[in-house]
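# Observations on the model geometry
Listed here are the chains, written in short residue letters.
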Amino acid sequence: MTVLTTVQRLLFSSTPSKGGSVSSTTIVHGARDRRQGLRDNRKPRPTPPPHNPPLPIRLPAHPLKGKASATAAAKDCTLRNSFQPSFVAEGDFVIGGIFPIHYNQEMPDQNYTYRPPPVKCNGFDPRAFRWVQTMRLAVEEINYSSELLPNHTMGYKIFDSCAYPLTGQRAALAVLNGLSEDDSPMCTGASPMLAVIGESGSAQSIVVSRLLRPFRIPMISYFSSCACFTDRRKYPTFFRVIPNDDYQVKAIAQLLVHFNWTWVGLLRGDHEYGRFAVQGLLRELQGSTVCVAYQEMIPLLYNTQRALEIMQVMRSSSANVVVVFSAEGEMTPFLRDYMMQNITGIQWVASEAWVTASVFTGREFYPYLGGTIGFGIRKGQITRLSDYLQTVNPQRYPNNVLVGELWGALYGCNPFPSSANHLPICSGQEVLLEQHSAYMNTSSPRVAYNVYKAVYAVAHSLHNLLLCQPGNGPFENNSCAQINNILPWQLQYYLQEAKFNIAGEEVNFDLKGDSVPYYDIINWQRGTAGNIEFVNVGLFDGTKPAGEELVIQEDKIMWAGHQSEVPVSMCSPSCPPGSRKAVRRGEPVCCFDCVPCDSGKISNQTNSIECMFCPEDFWSNKDRTACIPKEVEFLAYDALGIPLTVISVVGASLTIGIFGVFFYHRNTAIVRVNNSELSFFILFALILCFLCSLVFIGEPTFWSCMLRHTAFSITFSLCISCILGKTLVVLAAFTATRPGDNIMKWFGPKQQRAIIFSCTLVQVVICAAWLIDAPPYPIRNTKYERSKIILECSVGSSLAFWCVLGYIGLQACLCFVLAFLARKLPGNFNEAKYITFSMLIFSAVWLAFIPAYISAPGNYSGAVESFAILASSFGLLFCLFAPKCYIILLKPQKNTKQHLMGKEKK
């Protein structure tokens, strides 16, 4: 301790700061007088035994005089300067308190040519001053309690850190020196400080905790939420009554996702609290839909130029939501410059460090900060706090500079005429009213309630320590702590095990020194007087299962700009159902373009990442939002099927009509000469050919698929076989007119029938083999046009199908060759010419059919085949029978044997 005190005196040899020039004597005596008046009604408390002093360590006054004697060192070691506390009270057990009573400071110009001036603290914070009074109230309640620490008192030593780590370090060093540094020029005793209540900011707490660590003095923070403190190796003596920031960033991440704020800005202070909080939030947002538009940092030593640069980024960004992890001290000058720039429309999301800061409740802040939402510390109730705050006035503390600054902040006047400020003089008898919310707002204390719980945690731990029974203690050999020499680390053991109830809330610490993770959701709304009021609109309970922690009453929220609708903050508009997000190259995933889903894919949710394929028998609707059954298509009786049906019926009817004409004129020369039996066979086959095209129209079935191909092949084979027979007969007939030829005996009626039967039988055998091995069958074709299901017939065996066509083609070729040979035979009616033409048409039709059939899409392949059947049938019908009908019906005079044989007399 002597080493630390000497180092402190060497480092801080300057005059007292503005916040540290309070006379401790007056405050101590005032505290003593109050306690004395109330102790008469209590049990007398024994005088605490003196501390056992450790062996003193003496250091020379100058570091270079290491060989000087101890006596000389003690004589030369004098207190060059001191850092006076703001409030002091004696007690059996003394605890320290460090609070940011000022939120800003001016660093002195240090050129090392003269003694540096003191650090000047600026910006008196009535809210933090209320926290100080809460600690004093808690100690006073404990001292007057007959149940907690009976016959013992607690004392305190409270310092101002000015919300700055270096000043917090100085306060921590001063805390370690006991109640007074002026009692002795040489520190020879151990520090009587058992615990420290503090600090506010995480950056200050890191410094203080590191200073207290070698002395194993426990520290309970009321406002430091940095997640870094969970590392017990670095901060083994750190406790806190505020939730860990890991829970806060989790809560904020859930809040952003809940309101679909996918494009946000981040603003933080230049300290560990802001750094760790931002890192935690970014970690929580990984894998979510929220992206960060920008990250900016408010400098620890506030700089207006840098602040204006930050505001320009905020103004130019499309992010309308800004999440802020900063302390009240940095935010105060920043927000005043923000208001000067007249920037509006920002939806602030505040961390617990400033979401309940009373300094921002003035009516001038509402146009710029109204609608702010954030997570605040759980509020509690301190029944005597309001009355206790009323007792703090200039008359009671005539020499306390902080009380004078409080009057200056609340009334704008100076109650101490002897002070050097330039405010108008006032009596100091002004009444503290509820309108002074920065100080008197005790309806829902939050940070003050944390201070209250921290003091009671120390008291309960001390109480449990004093109840220890020798032989049943937790320390070595089951020993207990010595009441007259309690070591801080012994208190820490009981602090770790502490569990007590205060105002209905259970207070305890986990193994990392953290408390229960619970937040109120605070919304800044306009009050009746135009000022800002903090309205509770929900809660976050970290002890609940995942997904159930956040509870929000959205109907109670008032948003930025005094709007009742949730503000929108996104880089790109949401992609509606029927589209998907396409991330822009080089930009965050929240910046994207909306691309319509391809055909056959849908998205039925907003902001879909991928479009989903529809099932096989379904297709996307026009808007690409739902899968609907595919349209089933086949050659039906519609715009394509009806004309084919009409043509088929007309062709069959015409063939039947010709059949009737031939049958009526069956005894005439032209019918008899051209072999009437074969003509009737051909007409019958053509009727079947016309009718078989109807099988291709309608929904394909198993039987219709087998029938359409086999009927077509057999009927056409029958027709061509008849024509082949007629051709052979014509050729034989004209050849038989030569003397000595007896060829007609081979082409009699029986032989003709045998030729027709045998030629047709070959086709029947091929079709039978086809049907047995791989018959045609109906299929649902989805490959050609994916949006439709095309019902068609698969040929089953392609080889059999092309064999059928090939055999018909072979018959037609043979017929064509024979007819071509007989084309110049004598006679006025040489039927071989017409057979030649009919075979040419037939061949041309079916040669054109092959590529058309192969390339025809879907149900059009059936239409092509049906059209080929009709076209070739009409070609045969007209080429073979039109000339005959012409003579029969229009030129009956030529219907004689002489005319047909060319022997007619001229």
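The structure contained in this document is the topic of the report that follows. (Residues numbered from 1 in each chain as written. Predicted model: local features only at pLDDT ≥ 70, side-chain atom pairs only at ≥ 80, totals over all residues. Heavy atoms only, no water.)

### Focus: helix H4 (residues 126-143)
With 18 residues, H4 extends 26 Å between its outermost C-alpha atoms, agreeing within 8% with the 26 Å of an ideal straight helix rising 1.5 Å per residue. For H4, the buried fraction is high: 18 of the 18 residues fall into the buried class. Where H4 begins, one side-chain oxygen reaches toward the backbone nitrogen of Arg127, 3.0 Å away; that side chain belongs to Asp125. (Helix = DSSP H or I, 4+ residues; strand = E, 2+ residues; numbered from the N terminus. Expected span 1.5 Å × (residues − 1). Buried < 20%, exposed > 50% of the residue type's maximum accessible area, 1.4 Å probe, protein only. Polar contact = N/O pair within 3.5 Å; in protein donor to acceptor, adjacent residues only side chain to side chain.)

### Quick look at the state of the cysteines
Disulfides are covalent bonds that link the sulfur atoms of two cysteine residues. Applying the stated criterion across every chain, the model contains 10 disulfides. Across the disulfide from Cys575 sits Cys594; the S-S distance is 2.0 Å. The sign of the -95 degrees torsion about the S-S bond sets the Cys575-Cys594 disulfide as left-handed. With Cys575 in the loop between strand S18 (550-552) and strand S19 (579-583) and Cys594 in strand S20 (residues 592-596), this residue pair connects regions lying 19 residues apart in the sequence. On the accessibility criterion, Cys575 (0% relative accessible area) is buried. Judged by relative accessible area, which is 36%, Cys594 ranks as partly exposed. Paired through a disulfide, Cys614 and Cys627 show a sulfur-sulfur distance of 2.0 Å. Classification of the bridge connecting Cys614 and Cys627 rests on its S-S torsion, roughly -90 degrees, and on that basis the disulfide is left-handed. Of this pair, Cys614 sits in the loop between strand S22 (612-613) and strand S23 (618-620) while Cys627 is found in strand S24 (residues 627-629), placing the two residues 13 residues apart along the sequence. (Disulfide = S-S within 2.5 Å.)

### Considerations on the pattern of salt bridges
Taken as a whole and judged by the stated rule, the model has 15 salt bridges. The closest approach of N and O atoms between Asp514 and Arg240, which form a salt bridge, is 2.6 Å. In this pair, Asp514 is assigned in the loop between strand S15 (505-508) and strand S16 (518-526) and Arg240 in strand S8 (residues 238-240), connecting sequence segments 274 residues apart. Across the pair, Arg240 and Asp514 agree in class, each one buried. In this structure, Arg584 engages Asp593 in a salt bridge whose closest nitrogen and oxygen atoms are separated by 3.2 Å. With a relative accessible area of 29%, Arg584 lands in the partly exposed category. (Salt bridge = Lys/Arg side-chain N within 4 Å of Asp/Glu carboxyl O.)

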